[in-house]
Amino acid sequence: MQIAICDDEQGVREALAKKIEKMYPQAGVALYETCEELLDSSIPLDILLLDIQMPGKDGMETARILRAQNRRMILIFITGMEEYVFQAFDVGAFHYLVKPFSDEKLMSVLQNAAMQYEEQSERAPSRPDSACRYVVVLSGGSHIRILLDDIIYAEVYNRKVVIHKKEEDIEYYGKLSDLEQQAGGDFFRTHRAYLVHFKYVVKYNASEVYMEKGSVLLAKRKYSAFVKQYMRYLLSEVGK
């Protein structure tokens, strides 16, 4: 297990390293004073403790770059600023530690991070393959089999459920909640009127999710849950 610490305060870096080495003597621990040094490093990252307010390139910008390169990296922000917590969700942060934090809190977070690292290393994705699963709907007097893997998103419109696929849209009388239960963990109800397939998400913000075909609303109260579940989905895809 390779752990990295990136903080511009030497005292913080050394204190964290000492505690981590005591907890995990077999782990490699790399220290970086700037984000530029971190980005230039060729050392693989399993767990990263990253400060946000840094001279030069800041931690949040660096996290976005690293996340694009390594979806499996377990990211823990260490910062004195609480206002970045929602941005931390955007880059799939595992935890957000606000300075000063206790040794007990650090130990708890690192233990959970190490457990997730072990799970990612050892387990295969356990969810059923959506490419082989399907739903059957009654549309236009015919029963139609629709592969879940082909569904980009579904919506409620004029008391009908409309399933959007790449080649066509299929509508039928039914409940979106029923489709949601059948679809499983690869899908997310972003809004009472929309159900999206993570496979086809292109980008998102706090109010909208952009799909390969169209876009849907993202309810404010569901934003945090959406980001967490989407990050879990991406991690499981990397493990395939």
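Residues numbered from 1 in each chain as written. Predicted model: local features only at pLDDT ≥ 70, side-chain atom pairs only at ≥ 80, totals over all residues. Heavy atoms only, no water.

Asks: What is the right way to read the side chain of D7 from this model?
Replies: Looking at the element boundaries, D7 is found in the loop between strand 1 (2-6) and helix 1 (10-23). When residues no more than four places from it in sequence are discounted, the contact partners of D7 are V12, R13, Y32, E33, D51, M54, I78 and K99. (Helix = DSSP H or I, 4+ residues; strand = E, 2+ residues; numbered from the N terminus. Contact = heavy atoms within 4.5 Å.)

Asks: How should I be thinking about the pattern of salt bridges in this particular structure?
Replies: Note on pairing: side chains with opposite charge can pair once their charged atoms come close. Taken as a whole and assessed by the stated rule, the structure comprises eleven salt bridges. Of the charged contacts, one joins E61 and K57 as a salt bridge, the two residues approaching to 3.4 Å between their closest N and O atoms. For E61, a relative accessible area of 37% gives the class partly exposed. Given a relative accessible area of 22%, K57 falls into the partly exposed group. Its salt-bridge partner being D149, residue K199 comes within 2.7 Å of it at the nearest N-O pair. Of this pair, K199 sits in the loop between strand 12 (194-197) and strand 13 (201-204) while D149 sits in the loop between strand 7 (142-147) and strand 8 (153-157), placing them 50 residues apart in sequence. The exposure class assigned to K199 is partly exposed, which follows from its relative accessible area of 36%. Salt bridges sharing common partners tie together D7, E9, D51 and K99. (Salt bridge = Lys/Arg side-chain N within 4 Å of Asp/Glu carboxyl O. Buried < 20%, exposed > 50% of the residue type's maximum accessible area, 1.4 Å probe, protein only.)

Asks: When you look at the confidence of the model for the chain in this model, what are you seeing that I'm missing?
Replies: Close reading of the predicted structure is inappropriate where its pLDDT is low. When pLDDT is averaged along the chain, the result is 87, and 94% of the positions lie at 70 or above. Mean pLDDT per element in the chain: helix 4 (residues 85-90) is the minimum at 79, and strand 12 is the maximum at 97. Between residues 124-129, whose pLDDT stays under 50, and residues either more than four places distant or in other chains, the model counts nine contacts. (pLDDT = per-residue confidence, 0-100.)

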